[in-house]
Amino acid sequence: MSKPSLSLYIHIPFCHSKCSYCDFTSVPVGSPDKRSLESERLIDAYFTALHQELDTYAQDISKYSLHSLFFGGGTPSAVDASYITSLLEHIKRIAPFEEGAEVTLEANPGTLTDSKIKQYYEAGINRVSMGFQTSSNQLLSEIGRIHTLSDFEIAYARLIKGGIDNISMDLMFGLPHQTMADIEHTLAVVKAVNPRHISAYALKLEEGTPMYSAYESGAVVLPEETVEREMYHYIITRLKAMGLEQYEISNFAHPGFESQHNLVYWLNQPYLGLGVSAHSKMDSVRFANTDSIKTYIQKHQEGLDSVVDRETIYKAEDLFESIILGLRLNRGLNLQKINKQYQIDFKAKYKEKLIELERLGLIDMYEPNILKLTTKGFDLSNQVFLSFYPEEESHTHHEE
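A quick note: this is a predicted structure, and the numbers were derived from the prediction, not measured.

(A) Molecular detail of the overall build of the chain. Tallying secondary structure elements over the chain gives 17 helices and 18 strands in all. Over its C-alpha atoms the chain spans a radius of gyration of 22 Å, differing by no more than 12% from the 21 Å that the globule rule assigns to 400 residues. Oriented by its inertia axes, the alpha-carbon framework of the chain measures out at about 60 × 55 × 45 Å. Per-residue burial for the chain yields a buried fraction of 50% across its 400 residues. If you take every contact in the chain between residues at least 6 apart in sequence, the share linking residues at least 24 apart comes to 70%. Counting only carbon and sulfur atoms, one obtains 51% of the accessible surface of the chain, whose full area is about 18,900 Å². Side chains of the chain give 37 positive and 54 negative charges; the mean places of these two sets differ by 5 Å.

In structure tokens, the structure reads:
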């Protein structure tokens, strides 16, 4: 009998320098030639803790075959490649990867060398997600990115030459002072390199980041919401013309190159997160690790786990998550699957809500059992999602 599938996420919290909009758990350690002994020791201790955490989950992981693995951050490519490849070897000793499994590494253009790429490729990394953001060097500098357009083009060519041609590019829109002309130029660069996948996100200011403070003080001015929406729809149209189909609110791919790892999240399937601040969902339980690197390392040195929050996900909440995650996808929500999985009659349960959302032009029934967001629904997706929020009190149980 074949084993069930599991996806792994591993958080690597190190980067050369921190971007002004970033609120992820990350620590700037400088570039390798300027790295302090203290930073090197921290990196080393962190990866030792990661191996220890992996061992604590070895028995659980071995019950599955691995569908996808994602090294996220931070900037996983900021550390020596041997740290990443030895982790990958460790994982392979615990559980087999499914045939054609996707193994992704996040990278920043300024951190990729031929030597690193060779090591990644030989270890089995077959996809790279690269933080490109924009083709404007001025905008890149303003948001605290360390690379230039030229660095990106060099890194992209290096990856192709090194045998990793499944490349995803991150784009950002709604940046301070960003214009439609900037977006056009960025998309011209995308067209020239023709990546397999694009993720396009609107800038979201998070409290506590330098850019949020600058915005609050009036030093940073963001485009009007109407301009931001115009940018988003322009990106969708232009990418479609390049053969990059939108398959999720913020994600676009050539057919067959959709992110297998992210689809696991959107289809509400099990995943295990390792590393500081990593989240997991397995067997109707959601749990999260501490977001303190020091605590994370200390816990594993003492042979303890680093989980700080654990909750049982009850049926009503899980159903809500399946609905809102499924509606993010262009393929829509398969009501037959939902009915079977949760033993409900979706159309009867949400009858009034569906009538109202359809009247507002936010949803459409495609075929008898496929529910999708309309173009307007994508723009107002949060309004749609909230209408499915469980009315009965949530029974989520937290353990600190």
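Picking up after the structure, the text goes on.
(B) Up close: unusual backbone geometry. Phi is positive for H177, close to 65 degrees, though the residue is something other than glycine. Examined against the element boundaries, H177 turns out to sit in the loop between β7 (167-173) and α7 (180-193). Despite not being glycine, N194 shows a phi value in the positive range, around 50 degrees.

(C) Representation of the packing of aromatic side chains within the structure. A complete count under the given rule lists 15 aromatic pairs for this structure. Arranged with centres 4.8 Å apart and planes meeting at 50 degrees, the rings of F346 and Y350 form a pair that is tilted. For the pair F346 and Y350, one class covers both residues: buried. Ring geometry for Y350 versus F388: centroids 5.1 Å apart, planes at 80 degrees, classification edge-to-face. A residue pair is termed long-range when its members are at least 10 positions apart, and Y350 in the loop between α14 (346-349) and α15 (351-359) and F388 in the loop between α17 (381-387) and β18 (397-399) qualify at 38 residues. The exposure classification of Y350 matches that of F388, with both residues buried. The side chain of R310 reaches across the aromatic face of F287, ending 5.6 Å from its centre. We note K372 situated over the ring of Y366; from NZ or CZ to the ring centre the distance is 4.7 Å.

(D) Looking closely at the sheet that holds strand β17 (residues 370-373). Taken together, the three strands give an open sheet; going across it, the order is β15-β17-β16, and neighbouring strands pair in antiparallel fashion. Edge strands, defined here as strands with exactly one partner in the open sheet, are β15 (333-334) and β16 (363-366). Two strands pair when backbone bridges link them, and β16 and β17 are joined in this way by four bridges, in the antiparallel orientation. Following the sheet pairing, D364 is matched in β17 by K372. Across the sheet, α15 touches β16 and β17, and the angle it forms with β16 is around 110 degrees.

(E) Here's a closer look at the nonpolar core. Counting residues in hydrophobic clusters, the biggest one holds 95 residues, and the most contacted among them are F47, I61, F346 and F388. Sorting elements by how many residues they give to this core places helix α3 (residues 81-94) first, with seven residues. Setting aside its immediate chain neighbours within four residues, F388 contacts F320, I323, L327, F346, Y350, L354, L357 and L371.

(F) Seen up close, helix α9 (residues 225-241). The end-to-end C-alpha distance of α9, which contains 17 residues, comes to 25 Å, matching closely the 24 Å that a straight helix rising 1.5 Å per residue would cover. All of the buried residues in α9 are E228, M231, Y232, I235, I236 and L239. Along α9, the residues classed as buried sweep out an arc of 135 degrees about the axis, all on the same side. Every exposed residue of α9 that faces more than 90 degrees away from the buried side is listed here: T226, T237 and A241. Positive phi shows up at G243, right after α9, with a value of about 90 degrees.

(G) Region of the structure containing the pattern of salt bridges. By the definition in use, this model includes 17 salt bridges. Residues K161 and D114 are paired through a salt bridge, measuring 3.6 Å at the closest nitrogen-oxygen approach. Highlighted residues: K161 in helix α6 (residues 149-161) and D114 in helix α4 (residues 114-123), separated in sequence by 47 residues. With relative accessibility at 66%, the residue K161 sits in the exposed group. Residue class for D114 comes out partly exposed when judged on its relative accessible area of 37%.

(H) Examining α6 more closely. In this model, α6 (13 residues) spans 19 Å end to end at C-alpha, consistent with the 18 Å of a helix rising 1.5 Å per residue. Taken together, the buried residues of α6 touch α4, β6 (127-133), α5 (137-142), β7 and α7. Immediately beyond the C-terminal end of α6, within one or two residues, lies G163, with a positive phi of roughly 95 degrees.

(I) Examining the packing of α7 against α9 more closely. At their nearest, the axes of α7 and α9 sit 11 Å apart, and the two run at 25 degrees to each other. Classed by the angle they form, the pair α7 and α9 counts as roughly parallel. Crossing geometry of α7 relative to α9 is assigned as right-handed. Facing α7, whose interface residues are M180, I183, E184, L187, A188 and V190, α9 presents E230, M231, Y234, I235, R238 and L239. Here the residues of the contact of α7 with α9 are counted per class, giving nine nonpolar, no polar and three charged.

(J) Spatial organisation of the side chain of S168. Structurally, the position occupied by S168 is in strand β7. Side-chain polar atoms of S168 contact the side chain of H197, separated by 2.8 Å. Among residues more than four places away in sequence, those in contact with S168 are R127, V128, S129, M130, H197, I198 and S199.

Cut-offs used in this document
All residue numbers here refer to positions counted from 1 along the written sequence of the relevant chain. Where local features are concerned, this predicted model is filtered to residues with pLDDT of at least 70; where side-chain atom pairs are given and counted, the filter is 80 or more; whole-chain, interface and lining totals use all residues. Each side-chain value is derived from all of the structure's non-hydrogen atoms; neither hydrogens nor water enter the calculation. Helix and strand definitions here come from DSSP, where helices need a minimum of 4 consecutive H or I residues and strands a minimum of 2 consecutive E residues; each element is numbered from the N-terminal end. In this treatment the radius of gyration is a C-alpha quantity, and the globule benchmark scales as 2.2 Å times the residue count to the 0.38 power. Between buried and exposed lies partly exposed: a residue is buried under 20% and exposed over 50% of the maximum accessible area for its type, with that area taken using a 1.4 Å probe on protein chains only. Every residue pair with non-hydrogen atoms within 4.5 Å of one another is taken to be in contact. A 1.4 Å probe and the Shrake-Rupley method give the accessible areas. Residues count as covered only by the protein chains that appear here. By the counting rule applied here, Lys and Arg register as positive and Asp and Glu as negative, while His and the ends of each chain are not counted. Charge coordinates come from a single atom per side chain, which is NZ of Lys, CZ of Arg, CG of Asp or CD of Glu. Only rings of Phe, Tyr and Trp enter the pairing, Trp through its six-membered ring, and a pair is recorded when the two centres are within 6.5 Å. The plane angle decides the type: under 30 degrees is stacked, over 60 is edge-to-face, the rest tilted. Distance and angle both matter: a charge sits over a ring if NZ of Lys or CZ of Arg is within 6 Å of the ring centre and within 35 degrees of the ring normal. Criterion used throughout: strands pair if DSSP finds at least two bridges between them. Lines fitted to C-alpha atoms define the axes here, with helix axes fitted over just the stretch in contact, and angles between the N-to-C directions of these axes take values from 0 to 180 degrees. By nonpolar core we mean a set of buried residues, namely Ala, Val, Leu, Ile, Met, Phe, Trp, Tyr and Cys, connected to one another through side-chain atoms within 4.5 Å. Expected helix span is computed as 1.5 Å times (number of residues minus one). Summarising the geometry, the arc corresponds to the directions from the helix axis toward the C-beta atoms. Salt bridges are defined as contacts in which a side-chain nitrogen from Lys or Arg sits within 4 Å of a carboxyl oxygen from Asp or Glu. For classification purposes, angles smaller than 35 degrees are called roughly parallel, those larger than 145 roughly antiparallel, those between 65 and 115 roughly perpendicular, and all remaining angles oblique. It is the rotation of the near helix from the far one that decides the hand of a crossing: anticlockwise by less than a right angle makes it left-handed, clockwise makes it right-handed. By the convention adopted, Pro, Cys, Tyr, Trp, Phe, Met, Ile, Leu, Val and Ala count as nonpolar, Lys, Arg, Asp and Glu as charged, and the other residues, Gly among them, as polar. Polar contact is the term for a pair of N or O atoms within 3.5 Å; when the atoms are in protein, one must be able to donate a hydrogen and the other to accept it, and sequence-neighboring residues count only if both atoms are side-chain atoms.

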